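Residue-level structure breakdown
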Amino acid sequence: MKDFWRAFRRNRLAVVGGVVVIVLVVLAAFAPLFSPWDPNRPDVKKILADPTRSHPLGTDQLGRDVLSRMLFGARVSLAVGFVSVGIATAIGIVLGALAGYNGGSFDAFIMRLVDLMLVFPRFFLLLAVLAFLRPSIWTIMAVIGLTGWMGVTRLVRAEFLALKEREFVVWSQAIGASGYRVVWRHILPNAMAPVLVAMTLGIPAAILTESGLSFLGLGVQPPYATWGNILNEGKDTIEIGWWLSFYPGVAILVTVLSYNLLGEGIRDALDPRLRQAAGRVATRKG
Amino acid sequence: MLTYALRRILFAIPLLLGITFLSFAIIHLAPGEPTDLMAGDPRLEASAQARQLLREMYGLDKPIHVQYWSWLTRLVRLDFGRSFSPDGRPVLVKIAERLPVTLLLNIVELLIIIALAVPIGVLSATRQYSLFDKVTTVFVFIGFATPDFWLALLLMILFGVQLGWLPISGLRSMNWEYLSFWHQQSDFVAHLVLPIVVATFGGLAGFSRYMRQSMLEVVRQEYIQSARAKGLAERVVIGKHALRNAMLPIVTILGLSLPGLIGGSVIVESIFAIPGMGQLMVQAVFERDYPVIMGNLVIVAVLTLVANLIADLAYGLVDPRIRVGRRR
Amino acid sequence: MERGPLLGGLALASALALAGCGVDRGGADEPVAVKDNTPAKGDTFIEASIGNVSALIPNIANDSASHDVGGQIYSGLVTYDKDLKVIPELAESWTFSPDCRHLTFRLRKNVRWHDGKPFTADDVVFTHATMVNPKTPTAYREDFAAVETIEAVDPHTLQITYKTPYAKALQSWSMYMLPRHLLESYMKDGKLREAPQNRTSPVGTGPYRFKEWKSGEKVVLVANPDYYEPDRPYISRIVYRIIPSQATIFLELKAKGVDGASLTALQYKRQTEYPAFRKAYQRFRYASNSVTYFAFNMKDPRFADKRVRHAIAHAINKQELIDHVILGLGRNATGPYLPGAWAHNGEVKSLPYDLARARRLLAEAGWRDRDADGFLLKDGKPFAFEILTNQGNDERKKIAEIIQAALRELGLKVDLRTVEWATLLKEHVRKRNFDAFVLGWGLGRDPDMTALFHSSKTRPEDFNVASYANAEVDGLLERGRATCFQDERAKYYHRVHEILADDIPVIFLYHRDALPAITARVRGVKPSPGGIMYNFHEWFVPRELQRYTAG
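Keep in mind the model is a prediction, meaning the values are calculated, not measured.

Quick look at the overall build of chain C
Counting its regular elements, chain C contains 19 helices and 22 strands. In terms of C-alpha radius of gyration, chain C reaches 26 Å, essentially the compact-globule figure of 24 Å for 551 residues. Once the C-alpha set of chain C is aligned to its principal axes, its extents read approximately 80 × 65 × 40 Å. Counting the 551 residues in chain C, one finds 50% classified as buried. Intrachain contacts of chain C at a sequence separation of at least 6 include 70% that bridge at least 24 residues.

Structure below.
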């Protein structure tokens, strides 16, 4: 564990990423505390007001304070990221492990399921689901999660296939360790590295997906704010309301960047091969 | 290996059937039918009778499995049916007129991304944590995080409205037919510059990070150490040995991107007014144009299965750790 | 990020300047005054269309883009002038019998189809047959189904008899006339969609002929040299550029890539006020023929109570809505008739904004804030409902949001939901599965509101979405439909207007303004109640200012 921290700390970009993520989570969690205004209350006297002291980030087309909307929107964006990726990863790990470890017909069946999901028009599923269920944050998170596990499955399966042949697995099996134990204690931790990368790339992808959904009108319902839908509403008024496009854009950028740096930093620090090498490379002239 | 491939191909047929049937069912599940859109305007008292007649014409009044069966039997004869939209043109015609642009855009984008991602990935890996690495890391993630439509509008304002260097939208200028052949080509290219830049900027991150990651792993391998120990020049070590092995996962990813080549980004297409597959599909969804949706789905499904098969075979061939097919 | 000079467009034009045809002379930045203002033929008009054209026979298409294009290629027997009065088009004159059942048309004699064949009364009979043929996938059947007999007395005279006195008879013949000699076989087989005239070679009698259609990209029309009005149209070519994004259309307008486009309220008020734009473009503002409204589902017992509907109407500050959603670029709507239209009753007023009165009405209806949490209760249940509107419409979304906030002040718990259009129609509107929604109606040319407010129109295919039933209104609507004398009809509709404003099955919110911007080099644009496109074939560009010479 200490090794991990040491390696991690060495990667300054990753540390910065981590700090930013923590700050974002705090801001989002305490959004009501930090927001000067009610994010959903239109104030028709102040449409598209420039940023001032009382409205540091300006107001939107209905006169709502952008800063407050951004803070509450952070909750949604971060939640969408976490939960949908969580769902996708959980499914992916289970299916990938099953496929990779057991092989044979399990593998074939699961991979064909992956093919099916890849081919399937996600958009339709979204339409159908959002029509039947109330389109809320939960349904959107569920749909993004339920349609995004294919990559993780493939990754985990590949790692399992590779690791299965490794010595420590064979030995554990030889001494009679049960399959479950083998998977849980031995294979999975080693397979986690690419999964972590996938997760950290997945969280910002989920945030961007939500923003794309808002563009098509299928995102979180009004009047609730998400960074994606603030951006979307702002695109028609880029010239006279630049703050509507600028701030959410920057926020998404910073969040995505931070997650990615953090994730890569974690991966680099976890991977024993890279960790040792990191020491060596750092001393060698690049 | 061969038996594995053959088995996969055989399995592909029932799989395709399953995929198409499930998709067919779900598509019809989504509420709304193409005929519902006929009378969105209350001024038009489109009577129930008119709509019912149209439904019969489309076969929408029959139960789902019957509709599926008639669709399937026509598909086997390579008859993809006719679109439900008022122009009633054959589905294949509609797809064929949109496909070239989308393919062109996607292929060019892919080539540019590879051309940029490989060097970036390699250099970042060999100079890990250097300034170059950090700068490019931030740069590609900025590209990844920037929403397409936002970047598109900014570039359009800058290059189209203010500087006037590039056209804002569309594929061709209004006077294209009257231009000389070479001017036609340059006009076409000028129209594609901004969309390609926007698409490439966003897609660079994925590939370059993979490349970097793959390179980093390969460089740690023993055979690289031994090559170095043998005294080979660093450039040879990286350029010849490491690179070749690091490219392998990229190749498989490339293969897996194959089915995606025929899909267009709706956002980029609608902002740049490019008549591509993305818009065709989204419009088809909103209009419940089932034949077009199913037609596209079948093509994508076939391509996906083929690409997956090739990718799996290639990966199995190349990475001895993974034995594809029956073991022992 | 500010308004750069439009020299950018000029630079682009210069970059594309080439010898030969299609030269962009880039003269549009010159000041508008010009030596020679006489109508001259030539130039191209590029119009931006946000929707894709779906068919070239507009009778079987439902989208406005296809109708815009179709309106230039085809003609009806009659059309509308700047005051929305019916005027002759392919018909020279007509007579309507006093019992409003017999209509006789005398057709122009020198009209030819675009392929040279003469237009005759047979084509009109054919068009009628097409519209009533069950195999024709058209939404506009109703008006033609009301015809009992139609007869071509001679090649230029038609006699039409209606089953019952039909008010909309005359205006229904503004429908596009189709060529019998080309479409007859397709029509009989029900294969109109597959006719080449629907995709590649439409043939009409209108001022413009079809040149080219690239799906999703553009439609090109060229002036019809044999148009029955001599010397018209002036503008040689129309190009419809299909650009699905409003933001892009605006940028193209600024870069002179398009000559005409609709502006949003924000663009009109705040983004087009700078001198360079005012010099290069003419902006127009007139009441568009539509109304935005808030509908109640009167099957819901809460909304069946008139006091509740009045209370909600009193809680909405309509002027604020107009000022803030469309920046004041619209007018208050008191009913389903446009102010200034003959059916509009000028005496009718909408309910004023009065929060106190709203609260009192609700209290009378049994809704009180018993637990002082700011929300009203009745029988222990809070007054909670959902407002629906369609996705992708920013304006309606904002209206819904403002109304939600306003009703919150009143003590009602309101949720919003945007639903994708087809789903909204099918699952909610048709099935009457909603509490309330915010939508808009195009008001059409005829003020007959039977489809919307008659009590018999409450079946799933019908549009009495509020499920409104008032016997007096029913009677008035029926009588209004059965006579063709405008004065008489006006009396009925004035009364309907009064009743609707009191019963408010729907709250009429506002009529938004249409805000087109047309390049300054075009002359002859005259905004009026009928819009600006009614006299498009009179528009011209003075020779000095012509920008695109068609090759």
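Overview of the overall build of chain B
Of regular secondary structure, chain B possesses twelve helices and zero strands. Along chain B, helices and strands appear, N-terminal first, in the series α-α-α-α-α-α-α-α-α-α-α-α. If one aligns the C-alpha atoms of chain B with their principal axes, the spans along those axes are about 85 × 65 × 35 Å. Within chain B, the proportion of its 328 residues that are buried is 44%. In chain B, 70% of the contacts between residues at least 6 apart in sequence involve partners at least 24 apart.

Observations regarding the confidence of the model for chain B
Residues and elements named next belong to chain B. Taken residue by residue, chain B gives an average pLDDT of 81. The fraction at 70 or more is 91%. Mean pLDDT across the elements of chain B ranges from a minimum in helix α9 (residues 234-257), with 73, to a maximum in helix α4 (residues 91-126), with 89. Per-residue pLDDT stays below 50 along residues 323-328; that stretch engages in seven contacts with residues further than four places along the chain or on separate chains.

Some remarks on the packing of helix α5 (residues 104-119) of chain A against helix α8 (residues 150-164) of chain A
All names here are of chain A. Axis separation between α5 and α8 bottoms out at 10 Å; the angle between their running directions is 150°. With respect to α8, the axis of α5 lies roughly antiparallel. Crossing geometry of α5 relative to α8 is assigned as left-handed. Between α5 and α8, the residues in contact are Ile110, Val114, Met117 and Leu118 and Met150, Thr153 and Arg154, respectively. Across the contact of α5 with α8, the residue classes break down as five nonpolar, one polar and one charged.

Details of the interface of chain B and chain A
Listed as interface residues are 37 residues of chain B and, on the opposing side, 39 residues of chain A. Broken down by element, the residue count for the side of chain B that touches chain A peaks at seven residues, all from helix α5 (residues 131-145) of chain B. Residues belonging to the side of chain B that touches chain A are distributed by class as follows: 25 nonpolar, eight polar and four charged.

Some remarks on the pairing of strand β4 (residues 91-96) of chain C
Looking at chain direction, β4 of chain C and strand β5 (residues 102-107) of chain C are connected through five bridges and run antiparallel. In the strand pairing of β5 of chain C, Ala91 of chain C is matched with Leu107 of chain C.

With respect to the domain arrangement of chain C
All names here are of chain C. Per the domain assignment, the segments of chain C are domain 1 (76-195) and domain 2 (307-513). Taking the mean C-alpha position of each, domain 1 and domain 2 sit 36 Å from one another. Residues that form the side of domain 1 that touches domain 2 fall into these classes: seven nonpolar, two polar and one charged.

Section: the nonpolar core
Residues Ala152 of chain B together with Tyr293 and Ala295 of chain C are the most contacted members of the largest nonpolar core, which totals 296 residues. No other element matches the 16 residues that helix α4 (residues 66-102) of chain A contributes to this core. Mapping this core onto the domain boundaries places at least three of its residues in each of domain 1 (76-195) and domain 2 (307-513) of chain C. Leaving out residues up to four positions away in the same chain, Ala295 of chain C has contacts with Ala436, Phe437, Leu439, Val465, Ala466 and Val506 of chain C.

Regarding the sheet that holds β4 of chain C
In sheet architecture, strand pairing relies on hydrogen bonds along the backbone and comes in two forms, parallel and antiparallel. All names here are of chain C. Strand order in the open sheet made by the four strands is β4-β5-β7-β6, with antiparallel pairing throughout. A strand with exactly one partner marks an edge of an open sheet, and here the two such strands are β4 and β6 (147-154). Taken over all neighbouring pairs, the strand axes of this sheet differ in orientation by 15° on average, direction set aside. In this sheet, strand β7 (residues 157-162) lies alongside β6 in antiparallel orientation, the contact comprising six bridges.

Structural notes on unusual backbone geometry
All names here are of chain C. In this chain, Arg232 is followed by Pro233 through a cis amide linkage whose omega measures -10°. One non-glycine residue with positive phi stands out, namely Leu327, at about 55°. Examined against the element boundaries, Leu327 turns out to sit in the loop between α13 (318-325) and β15 (330-332). With 18 C-beta atoms counted inside 10 Å, the residue Leu327 sits in the partly exposed group. The residue Asp379 is not glycine, and still its phi comes out positive at about 50°. Inspection of the secondary structure assignment puts Asp379 in the loop between β16 (377-378) and β17 (381-382).

Considerations on the environment of Val220 of chain C
Residue and element names in this part refer to chain C. Within the secondary structure, Val220 sits in strand β9 (residues 218-223). For the pair Val220 and Trp342, spaced 122 residues apart in the sequence, the C-alpha separation amounts to 37 Å. With near-sequence residues (within four places) excluded, Val220 lies in contact with Lys211, Glu212, Arg237 and Val239.

As for α4 of chain B
With 36 residues, α4 of chain B extends 50 Å between its outermost C-alpha atoms, agreeing within 8% with the 52 Å of an ideal straight helix rising 1.5 Å per residue. Along α4 of chain B, the sharpest change in direction is near 35° and occurs at Leu99 of chain B; proline Pro100 of chain B comes one to four residues later.

A closer look at the environment of Val239 of chain C
Checked against the element boundaries, Val239 of chain C lands in strand β10 (residues 235-242). In sequence terms Val239 of chain C and Lys218 of chain C are 21 residues apart; their C-alpha atoms lie 6.7 Å from each other. For Val239 of chain C, the residues in contact, after removing those within four places along its chain, are Met174 of chain B together with Thr44, Ile46, Lys218 and Val220 of chain C.

What about helix α8 (residues 246-254) of chain C?
Residues lying three or four places apart along an α-helix face the same way, a consequence of the helix completing one turn every 3.6 residues. α8 of chain C sits mainly inside the fold: eight of its nine residues count as buried. Looking at α8 of chain C, one finds that the buried residues are Ala247, Thr248, Ile249, Phe250, Leu251, Glu252, Leu253 and Lys254 of chain C. Looking at the packing, one finds that the buried side of α8 of chain C touches α6 (148-162) and α10 (266-271) of chain B together with β1 (42-49), β11 (260-262), α9 (265-271) and β22 (516-519) of chain C. One or two residues past the end of α8 of chain C sits Lys256 of chain C, with phi positive at roughly 65°.

Concerning the packing of α4 of chain A against α8 of chain A
Residues and elements named next belong to chain A. With their axes 7 Å apart at the nearest point, α4 and α8 run at an angle of 35° to one another. Remark: the crossing between α4 and α8 carries right-handed chirality. Contact residues: α4 offers Ala88, Thr89, Gly92, Ile93, Leu95, Gly96, Ala97, Ala99, Gly100 and Tyr101, while α8 offers Val152, Thr153, Arg154, Leu155, Val156, Arg157, Glu159, Phe160, Leu161 and Lys164. Its residues assigned to classes, the contact of α4 with α8 comprises eleven nonpolar, five polar and four charged.

Here we look at the confidence of the model for chain C
For residues with low pLDDT, the predicted coordinates do not support detailed interpretation. With 93% of its residues at a pLDDT of 70 or more, chain C shows a mean pLDDT of 86. Under the prediction, the complex receives an ipTM of 0.83, its pTM being 0.84.

Some details on the pairing of strand β19 (residues 413-419) of chain C
All names here are of chain C. Sheet topology note: the strand β18 (residues 384-390)/β19 ladder contains seven bridges and is parallel. In the sheet register, Ile387 faces β19, and the bridge partner there is Leu416. This β-α-β element, β18 to helix α15 (residues 394-410) to β19, shows right-handed connectivity.

What about the environment of Arg154 of chain A?
Residues and elements named next belong to chain A. Mapped onto the elements, Arg154 comes out in helix α8. Taking the C-beta count within 10 Å as the criterion, Arg154 has 26 such neighbours and is therefore assigned buried. On a C-alpha basis, the gap between Arg154 and Ile93 in space is 9.2 Å, while along the polypeptide they are 61 residues apart. Apart from the residues within four sequence positions on either side, Arg154 is in contact with Gly96 and Val114.

The rules behind these values
Residues numbered from 1 in each chain as written. Chains lettered and ligands numbered in written order. Predicted model: local features only at pLDDT ≥ 70, side-chain atom pairs only at ≥ 80, totals over all residues. Helix = DSSP H or I, 4+ residues; strand = E, 2+ residues; numbered from the N terminus. Rg over C-alpha atoms; globule rule 2.2 N^0.38 Å. Buried ≥ 20, exposed ≤ 12 C-beta atoms within 10 Å, placed from the backbone. Contact = placed C-beta atoms within 7 Å. pLDDT = per-residue confidence, 0-100. Axes fitted to C-alpha atoms, helices over the stretch in contact; angles between N-to-C directions. Parallel < 35°, antiparallel > 145°, perpendicular 65-115°, else oblique. Left-handed = near helix turned anticlockwise from the far one by under 90°. Nonpolar A, V, L, I, M, F, W, Y, C, P; charged D, E, K, R; others polar. Pairing = 2+ DSSP bridges. Domains from an automatic or database assignment. Core = buried A, V, L, I, M, F, W, Y, C linked by C-beta atoms within 7 Å. Expected span 1.5 Å × (residues − 1). Bend = angle between axes of the 7 residues up to and from the residue. Right-handed = clockwise from strand over helix to strand, strands pointing away.

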